[in-house]
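Residue strings, one per chain:
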Amino acid sequence: MQDIAEQLLAWHTSGRSFAVATVVGVTGSAPRDPGAALAVDADGEAIGSVSGGCVEGAVYELCLAAIESGEPVLERFGYSDEDAFAVGLTCGGILDVFVQPVRPGADPALDAGIALIADGTPVALARVVAGPAGLLGATVAVTADTHHGLLSPAPSVAAPLERSVVAEARAMLDAGRTGRIVLGLDGRPCDEHGQGTVTLFVESYVPAPRMLVFGAIDFAAAVVRIGKFLGYDVTVCDARPVFATERRFPEADRVVVDWPHRYLDTQLDRLDGRTVLCVLTHDAKFDLPLLERALRLPVGYVGAMGSRRTHREREAGLRAAGLTDAEIGRLRSPIGLDLGARTPEETAVSVAAEIVAHRRGGSCLPLSAGTGPIHHDLAQDPAAAEDTPEAPAARRDRKPHAA
């Protein structure tokens, strides 16, 4: 929907009704991934695509019918052995497509979600695509610090279910993920959908979090690779042009030749609480001006490479520059967890592990050493205090369930 958000906002602003068909499940070979969307307005204008052509006509008709009826529908399209030219996917795959009518002003959560998407604000739309008839199509728009919408007017259903939906959607928004979740009406995660469960499709609309790697050294190349693996938009910055080259860092999204602190000053409007800064130069003339600024910014993580002696000297320099103990306390130095790492790749793993632990509230202890919940971000909700046998991320990474 993000690709067609500008046109959807134009329709919405003008008060025009429309329907959005979204791919919410893919099995086998299919041309589009979950989240692909086709929208049709009341005049029959269509934008976007759900299949690259093979089922567009049928989905178009479903959208027109949904606009007229005002009712959402979940439809499955697959290959037909009897007739390869029938409505279906001749590539052999299966698409689950959810069609939702939108009438401006009728659903405050959907209205808010469309506006946030068009505005570029990170938001996750959680929509009920299967479950009790009264909940089908219900939407909750979730941002980092608030949410819009109610799943049910019945408090006994709304409170536990909404709490879980908001927690799951916010975790997916934080990770920039899109996919299905299945919950019981009591809000507890379920492995399979069925009677007494609700299946939601959560779409995260968020730019990739940024990782800024300062210092074009050999360790930086490994950190860049693992940063990309974790889904970060990665920048390498170094003041030395002989080292800061795209050839040395082909996997980086960009390589910048500039003094680290000066480059950071140009990026202030693009930094947020998900931003990660890895300072690998371990050279005071680069590190101190950079860290003096970085530790006063609302970023998610700041780590700096160096020996313990370097760290002590660095702390003294930062105090001399006027930083408080609280500000200096935000610095992860020496960077990374104690894994006994030696090689650049092992060091990158230790850095990545610390970033994930810091982001998710992990203890950095072996899971076998504890007895509490495995997922620390879920443990903040009393309703999720009892550990579940499978991680939400693992459930989302499975192939979609049948509709």
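Our structure's up above, just so we're on the same page.
Rules of the game
- Residues numbered from 1 in each chain as written.
- Predicted model: local features only at pLDDT ≥ 70, side-chain atom pairs only at ≥ 80, totals over all residues.
- Heavy atoms only, no water.
- Pairing = 2+ DSSP bridges.
- Helix = DSSP H or I, 4+ residues; strand = E, 2+ residues; numbered from the N terminus.
- Contact = heavy atoms within 4.5 Å.
- Axes fitted to C-alpha atoms, helices over the stretch in contact; angles between N-to-C directions.
- Patch = residues over 30% accessible without salt bridge, like charges linked within 9 Å, V, L, I, M, F, W, Y side chains within 5 Å.
- Areas by Shrake-Rupley, 256 points an atom, 1.4 Å probe, with all protein chains shown as cover.
- Salt bridge = Lys/Arg side-chain N within 4 Å of Asp/Glu carboxyl O.
- Expected span 1.5 Å × (residues − 1).
- Buried < 20%, exposed > 50% of the residue type's maximum accessible area, 1.4 Å probe, protein only.
- Arc of directions from axis to C-beta.
- Core = buried A, V, L, I, M, F, W, Y, C linked by side-chain atoms within 4.5 Å.

**Q** Help me understand the sheet that holds strand 6 (residues 123–130), please; the structure alone is not making it clear to me.
**A** Note: strands within a sheet are paired through backbone hydrogen bonds, in either parallel or antiparallel orientation. Across the sheet, five strands lie side by side as 8-7-6-10-9; this open sheet has antiparallel pairing. Of all the strands in the sheet, just strand 8 (147–148) and strand 9 (179–184) have a single pairing partner and so form its edges. Two strands pair when backbone bridges link them, and strand 6 and strand 7 (residues 139–142) are joined in this way by four bridges, in the antiparallel orientation. In the strand pairing of strand 7, Ala124 is matched with Val142. Helix-sheet contacts for helix 3 (residues 108–119) involve strand 6, strand 7, strand 8 and strand 10 (197–205), and the interaxial angle to strand 6 is about 140°.

**Q** Please explain a nonpolar patch on the surface as it appears in this structure.
**A** On the surface, Phe229, Leu230 and Val356 cluster together into a nonpolar patch covering about 300 Å² of accessible area. Among the secondary structure elements, Val356 is positioned in helix 10 (residues 344–360).

**Q** I tried to follow helix 2 (residues 56–69) on my own but got confused; where do I start?
**A** Side chains three or four residues apart in an α-helix point the same way, a direct result of the helix having 3.6 residues per turn. For helix 2, which comprises 14 residues, the first-to-last C-alpha distance of 20 Å matches the rise-based estimate of 20 Å (1.5 Å per residue) to within 8%. Residues of helix 2 that are buried: Glu56, Val59, Cys63, Ala66 and Ile67. With its buried residues spanning 100° around the axis, helix 2 presents them on a single face. On its buried face, helix 2 is in contact with strand 1 (18–27), strand 2 (37–41), strand 3 (46–48), strand 4 (73–78) and strand 5 (94–102). Positive phi appears at Gly70, one or two residues downstream of helix 2, with a value of about 75°.

**Q** Please clarify how the nonpolar core should be interpreted in this entry.
**A** When a protein is soluble and globular, its nonpolar side chains tend to lie buried together. Counting residues in each nonpolar core, the largest one holds 27 residues, and the members touching the most others are Met211, Val213, Phe249, Cys278, Leu280 and Ile355. Secondary-structure elements contributing two or more residues to this core are strand 11 (210–214), helix 5 (218–229), strand 12 (233–238), strand 14 (276–279) and helix 10. Ranked by residues supplied to this core, first place goes to helix 5 with six residues. Apart from the residues lying within four places of it in its own chain, the contact partners of Leu280 are Val213, Phe214, Gly215, Ile217, Phe219, Ala220, Val223, Met305 and Ile335.

**Q** Would you mind going over the sheet that holds strand 11 with me for this structure?
**A** Pairing is parallel across the open sheet formed by six strands, whose spatial order is 13-12-11-14-15-16. Looking at strand neighbours, the two that pair on one side only are strand 13 (254–257) and strand 16 (331–332), the edges of this open sheet. Bridge count for strand 11 against strand 12 is five bridges, and the pairing is parallel. Opposite Leu212, over in strand 12, you have Thr235 as the bridge partner. Across the sheet, helix 5 lies against strand 11, strand 12 and strand 14, angled at about 175° from strand 11, the strand it touches most.

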